[in-house]
Protein chains: 2
Amino acid sequence: MKVDILITNGFVVTMEGRGVGMIEDGAVAIKGNRIEAVGSSYDIMREYKAEHVIDAKNKLVMPGFIDAHIHTGLSIIRGVAQDMTNWMQKGIWPFSKHVTTDDYVKGSMVNIIEGIQAGTTTFGDYDGHMTELVQNYIKIGARARVAELVNEIPDNVGDLPVGELYPFHSSIGEEKLARNIALMEKYNGIENGRITSILGPHGPDMMSLELLQEMKGLADKYDTKLHMHVAQGDREIDQIEKRYGKRSIDFLEEQGFLNERLIAVHLTEATDEETERVAKSGANMIYCAGSIGIIDGIVTPMLKFIESGGTACLGSDQAPGNNCNNMINEMKFAAILNKVKRANPAVFNATLALRSATIEAAKVLGIEHEVGSLRPGKKADVILLNLEEPSFTPVITSPVRNIIPNLVYSARGHEVETSIIDGKIVMENRKILTINHKKAVQDAQEAANGIAERAREDILEAESDILTMMREGML
Amino acid sequence: MKVDILITNGFVVTMEGRGVGMIEDGAVAIKGNRIEAVGSSYDIMREYKAEHVIDAKNKLVMPGFIDAHIHTGLSIIRGVAQDMTNWMQKGIWPFSKHVTTDDYVKGSMVNIIEGIQAGTTTFGDYDGHMTELVQNYIKIGARARVAELVNEIPDNVGDLPVGELYPFHSSIGEEKLARNIALMEKYNGIENGRITSILGPHGPDMMSLELLQEMKGLADKYDTKLHMHVAQGDREIDQIEKRYGKRSIDFLEEQGFLNERLIAVHLTEATDEETERVAKSGANMIYCAGSIGIIDGIVTPMLKFIESGGTACLGSDQAPGNNCNNMINEMKFAAILNKVKRANPAVFNATLALRSATIEAAKVLGIEHEVGSLRPGKKADVILLNLEEPSFTPVITSPVRNIIPNLVYSARGHEVETSIIDGKIVMENRKILTINHKKAVQDAQEAANGIAERAREDILEAESDILTMMREGML
């Protein structure tokens, strides 16, 4: 049978079954934007022919990573808010007040390139201005599951004293909700299904009860999920307690949010009992290891969530306050931080990390029928990594195999050479084929120069830890 | 004045002073194997001329990283011992019994390449067979501060029931000590001073009191340091308690080891009080964040050591059970794991991480007069990183600067493009110039194939967690 792309002779990790589904001398046949067949090289090469054959000898062939929670726009202010207290108020906001939609779009494009270069093929992008940011995914050819970040709070909320209730402006909420609805109505399923949309309430503390309930109704109407920060910090718990007299999880349960429609991001402040309650409700969880480690110095209850029967996965969050967006890095962090949390090296292994960045992430985002593993009929999102890089050397296959541990604990990201998304080669030999990478970097740099200039006074006024470090020659 | 290499127009991080010593439009002049001058591009370019000028526009120029504690030979069994209990007995030993000296040499070379590709220029290599491994450094042109791993225990000690006292064989000790002495007598200061040697007792539990005292005497004789694992695990504490009736630190103090000659590696099991005692004695400490995180699920007391007035730095340890050797990765881990340990995001910042991988590491190894910062008269170990990679984009310089946080928290390693060691360009455009990189990888792969075959029975007999995972399709 004739197919479009044949990948042969590789170590194929399908991520099917309970483990990693390794086929040692494996092949993948791709027809159009779908996987036609997966199996041994011998079987596949006997049955399928293609013009485009990729010899994957000494390569790892696997489903692309799914970054379930990322704010790509924010990468335009990468690296301005870490090693500090009050990172949002004093780190992010003095900058973000001065970022234009065009700036966000330019930052987002570099962030997507960064992700693709480390093997991400699906981006769970959750950010403002998404009807604009989504154009980047259309152009570069990556898969995205987008949500507009909907809230009712003004940009200058950072100027409020800590502890004071956020003001809600219904006009802000209406505008943002309109963009989320536009995503659902006009973008969901475009580009041959490569772009899909879900709903993105910013958090239970970020909008009025009315708007929160309206979004819950919309989730039913569109039969979709709610991607939402939940118990993401003591700030949130404080706001909810002041407003409703209870903690976030209790509030969300009372309001009917604890069910399979909810993707609960972070759960930083959730107690064990609350975590268990969310997990048992059928809601899913996303853990952002690097980000919450840097911002809060906390390991969130992902393991407890899984032990309670829940489905959880990984996300890289945002560049100012994780600084990078690299799922290989997130896998390593997730594993080690949980080992340290439990003081037990066996408690979170490489396999769990890898599943959490592929098939489990597909489940959390509600797209496991399309991506997350290599199976005939699924979308053709496939990456190839070079096993002859020092980080993978040597390859040992019997009686134990070291490829998965070295992928999770040793690889850096640049081992990813080829990225096929929706059946199209988006990156080959580490070169992005679909857009001008160099120009994207230059555009983002120019945008950032403007932001830094406009934000100058606010940054100086914020008197943040970062500013002190700058003055002391530490940066 | 005529010099050999002129690096101009870069962001020069000198690591001089208390912070990072940034010169925004800086230049470095190199003559022979020494730094001739460092300053603004304007000043340096007016005063110095060179045939070889490297335009470092949009590059970060800095001292090469110092990996203070690495066992390069062990990388020949990278990735065979993680996510498990009894990692040394059941993970490492079934393999390592079958590794030949030639295998170690081949593994070591790939490990050194891996380090150089992530910016390491000085390797604090601490391993067996060092008179052989050191040949790799001579060939590839990296700086090394080597020590032979001296112990008196046989290779099959892993077969002993856990808790039983190790047998000591003086013939083993004599042979290993002879190699360490050979390093001191024949290799210390060779290659124009690029290779230097120190002493490497494996640990207080790994040899007889007589040999330990002999090595202490040799440290005085050669006026050098003792690179030694100290309180590296409950196994060590147990052995020392059974043998001498006290804990490791008490034992070492009693035996006169707590002073500025001691480089105490790990201190995994040291209490706060013990940590403080070691720090105040003038001894130094090395923290291996990734390795001890993976192997033990522990964050060792590096911060407590520094707070007690001690000097501490970072090392990447060994590839089976850290899986990689990348100082950028170690910096990120060290910072985040300590933030999590203290539940405080400000407690370990990017500047401390960077200092711990450069100038502080030079102090710990006793070579701060030669390397660790860019200062006229020091050895010319300089790396250049590309700031136009997505991980560094955008570069913001005023009123706060984001380069150092993005180096520590965002860079992956492949941003390092050029590595100059001892005034010679060892890597250019990411290509190693001094040896055949591809052949080194192939040689290591072939060696590993042989080991896996020879070790087969022992691995099957060990019935390790890894073997179970393999059988269950998790690897």
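An unreviewed UniProt entry annotates chain A as Amidohydrolase originating from Evansella cellulosilytica.

Interfaces are often described in size by the accessible area the parts lose on coming together. If you look at the interface, chain A gives 88 residues, while chain B gives 88 residues. Note on chain A versus chain B: buried area summed over both sides is about 7100 Å², and carbon and sulfur give 61% of it. When the buried area of chain A at its contact with chain B is split by residue, P399, R412 and L475 of chain A rank highest and sum to 11% of it. The tally of links between chain A and chain B comes to 2 salt bridges. Between K339 of chain A and D83 of chain B there is a salt bridge, with the nearest N and O atoms lying 2.5 Å from each other. At the junction of chain A and chain B, the tally comes to 28 residue pairs in polar contact (both at pLDDT 80 or more). Here the side of chain A that touches chain B takes 11 residues from helix 16 (residues 437-462) of chain A, the largest share from any one element. Residue composition of the side of chain A that touches chain B, grouped by class: 44 nonpolar, 30 polar and 14 charged.

Here the focus is the relation of the copies chain A and chain B. Overlaying chain A with chain B gives an RMSD of 0.0 Å, the required rotation being 180° about an axis along which the chain moves by 0.0 Å. In symmetry terms, the pair is related by a two-fold rotation axis. For chain A, the minimum C-alpha distance to the rotation axis belongs to R412 of chain A and amounts to 2.8 Å. Most of the interface of chain A is mirrored in chain B, where 100% of its interface residues again form contacts.

Attention now goes to the pattern of salt bridges. A side chain of one charge can pair with a side chain of the opposite charge if their charged atoms are brought near each other. If you walk through the whole model with that rule in mind, you get 64 salt bridges over all chains. A salt bridge links E417 of chain A to K59 of chain A, with the shortest nitrogen-to-oxygen separation between them at 2.9 Å. Highlighted residues: E417 of chain A in strand 15 (residues 416-421) and K59 of chain A in strand 5 (residues 59-63), separated in sequence by 358 residues. Across the pair D102 of chain B and K106 of chain B runs a salt bridge whose closest N-O atoms are separated by 2.9 Å. Note that D102 of chain B and K106 of chain B are positioned in helix 3 (residues 101-117) at a spacing of 4 residues, about one turn of the helix. The exposure class of D102 of chain B is partly exposed, given its relative accessible area of 44%. Several salt bridges converge on common partners, so that one network encompasses D250, E253, E273 and R277 of chain A.

On a regular strand, each side chain points to the face opposite its neighbour's, so the side chains alternate between the two faces of the sheet. Residues and elements named next belong to chain B. Within strand 1 (residues 2-13), 9 of the 12 residues are buried, which leaves the element mostly enclosed by the surrounding structure. In the sheet, strand 1 pairs with strand 4 (residues 49-55) via 6 bridges, with the strands oriented parallel. The partner of K2 across the bridge, within strand 4, is K49. Here strand 1 pairs with strand 2 (residues 22-31) via 6 bridges, running antiparallel.

Attention shifts here to the side chain of T393 of chain B. If you trace the backbone, T393 of chain B turns up in the loop between strand 14 (382-386) and helix 15 (403-409). Under the relative-accessibility criterion, T393 of chain B is labelled buried at 3%. If we skip the residues at most four places from it in the chain, T393 of chain B touches S75, R78, V110, V441 and A444 of chain A together with L387 and E388 of chain B.

Membership of the largest hydrophobic core comes to 282 residues, with the highest contact counts inside it found for L354 and L407 of chain A together with L354 and L407 of chain B. Grouped together as the second largest cluster of nonpolar side chains are 18 residues, Y126, A147, I263 and I292 of chain B included.

Here the residue pair S398 of chain A and P399 of chain A is connected by a cis peptide bond, since its omega of 0° sits within 30 degrees of zero. Among the structural elements, P399 of chain A can be located in the loop between strand 14 (382-386) and helix 15 (403-409). Backbone geometry places D317 of chain B, a non-glycine residue, at a positive phi of 65°. Position of D317 of chain B relative to the elements: it lies in the loop between strand 13 (312-314) and helix 12 (327-342). Positioned with a positive phi, A343 of chain B is a non-glycine residue whose angle comes to about 50°. Along the chain, the position of A343 of chain B falls in the loop between helix 12 and helix 13 (350-356). For A343 of chain B, a relative accessible area of 52% puts it in the exposed group.

According to UniProt, the feature "domain: Amidohydrolase-related" (unreviewed entry) maps to residues 60-426 of chain A in the numbering used here. From the first C-alpha to the last, residues 60-426 of chain A spans 17 Å; its make-up is 40% helix and 16% strand.

Residues and elements named next belong to chain A. With respect to the secondary-structure elements, Q318 resides in the loop between strand 13 (312-314) and helix 12 (327-342). You can call Q318 buried: its relative accessible area is 3%. Each C-alpha atom, one on Q318 and one on N111, is 9.4 Å from the other, the two residues being 207 residues apart in sequence. Filtering out sequence-adjacent residues up to four positions away, Q318 remains in contact with H71, L74, W87, I92, S291, I295, N323 and N325. A distance of 3.2 Å separates a polar side-chain atom of Q318 from the backbone oxygen of G321.

To continue, consider the sheet that holds strand 12 (residues 284-287) of chain B. Residues and elements named next belong to chain B. Reading across from one edge, 10-11-12-13 is the order of the 4 strands in this open sheet, with parallel pairing throughout. Two strands close off the open sheet at either side, each with one partner strand: strand 10 (226-230) and strand 13. With strand direction ignored, the average angle separating the axes of adjacent strands in the sheet is 30°. Where strand 11 (residues 262-266) and strand 12 come together, 3 bridges link them in parallel fashion.

What follows concerns the sheet that holds strand 12 (residues 284-287) of chain A. Residue and element names in this part refer to chain A. Reading across from one edge, 10-11-12-13 is the order of the 4 strands in this open sheet, with parallel pairing throughout. Looking at the sheet topology across the chains shown, the edges are occupied by strand 10 (226-230) and strand 13. Adjacent strand axes in the sheet meet at a mean angle of 30°, parallel and antiparallel pairs treated alike. On the sheet, helix 12 packs against strand 12 and strand 13 and is oriented at approximately 125° with respect to strand 13.

Another point: the domain arrangement of chain A. Residues and elements named next belong to chain A. Domain annotation of chain A identifies domain 1 (2-63 + 373-432) and domain 2 (65-365). Here the C-alpha centroids of domain 1 and domain 2 sit 29 Å apart. In this complex, domain 1 contributes 33 residues to the contact, which on the side of domain 2 involves 32 residues. In total, about 2400 Å² of surface goes out of reach between domain 1 and domain 2, with carbon and sulfur atoms giving 64% of it. Between domain 1 and domain 2 we count 2 salt bridges in total. The partner of R143 in a salt bridge is D381, and the shortest N-O contact between them spans 2.6 Å. At the boundary of domain 1 with domain 2, the tally comes to 8 residue pairs in polar contact (both at pLDDT 80 or more). Listed by contribution, the elements that provide at least two residues to the side of domain 1 that touches domain 2 are strand 5, strand 14, helix 15, strand 15 and strand 16 (424-428). At 5 residues, helix 15 tops the list of elements feeding residues into the side of domain 1 that touches domain 2. Looking at side-chain class alone, the side of domain 1 that touches domain 2 contains 19 nonpolar, 7 polar and 7 charged residues.

The rules behind the values
The numbers attached to residues start from 1 for each chain and follow its sequence in the written order. Numbering of ligands from 1 and lettering of chains from A proceed in the order in which they are written. Under the rules for a predicted model, residues below a pLDDT of 70 receive no local features and side-chain atom pairs below 80 are neither given nor counted, while totals for whole chains, interfaces and linings still include all residues. For the side-chain quantities, the full set of heavy atoms in the structure was used; hydrogens and water were omitted. What makes two residues a contact is simply this: any of their non-hydrogen atoms within 4.5 Å. By definition, the buried area sums, over both parts, the 1.4 Å-probe accessible area that each loses when the two are put together. What makes a salt bridge here is a side-chain nitrogen of Lys or Arg within 4 Å of a carboxyl oxygen of Asp or Glu, nothing more. Definition of a polar contact: a pair of N or O atoms within 3.5 Å, with one able to donate and the other able to accept a hydrogen when the atoms are protein atoms, and with sequence-neighbouring residues admitted only if both atoms are side-chain atoms. Numbering of helices and strands starts at the N terminus; helices are DSSP runs of H or I of at least 4 residues and strands are runs of E of at least 2. Classification convention: Asp, Glu, Lys, Arg as charged; Ala, Val, Leu, Ile, Met, Phe, Trp, Tyr, Cys, Pro as nonpolar; all other residues, Gly among them, as polar. A least-squares fit on C-alpha atoms brings the copies together, and the residues used are those whose pLDDT is at least 70 in both copies. Here the term buried applies to any residue with accessible area under 20% of the maximum for its type, exposed to any over 50%, and partly exposed to those in between, with areas from a 1.4 Å probe on protein chains only. A pair of strands counts as paired when DSSP detects no fewer than two bridges linking them. Grouping buried Ala, Val, Leu, Ile, Met, Phe, Trp, Tyr and Cys residues that are joined through side-chain atoms within 4.5 Å yields what is termed a nonpolar core. UniProt positions are given in the numbering used here, feature names are shortened, and annotations may be inferred rather than shown by experiment. Note on definitions: angles span 0 to 180 degrees between N-to-C directions of axes, and those axes are lines fitted to C-alpha atoms, for helices only across the stretch in contact. For the domain bounds, the source is a domain assignment made automatically or taken from a database.

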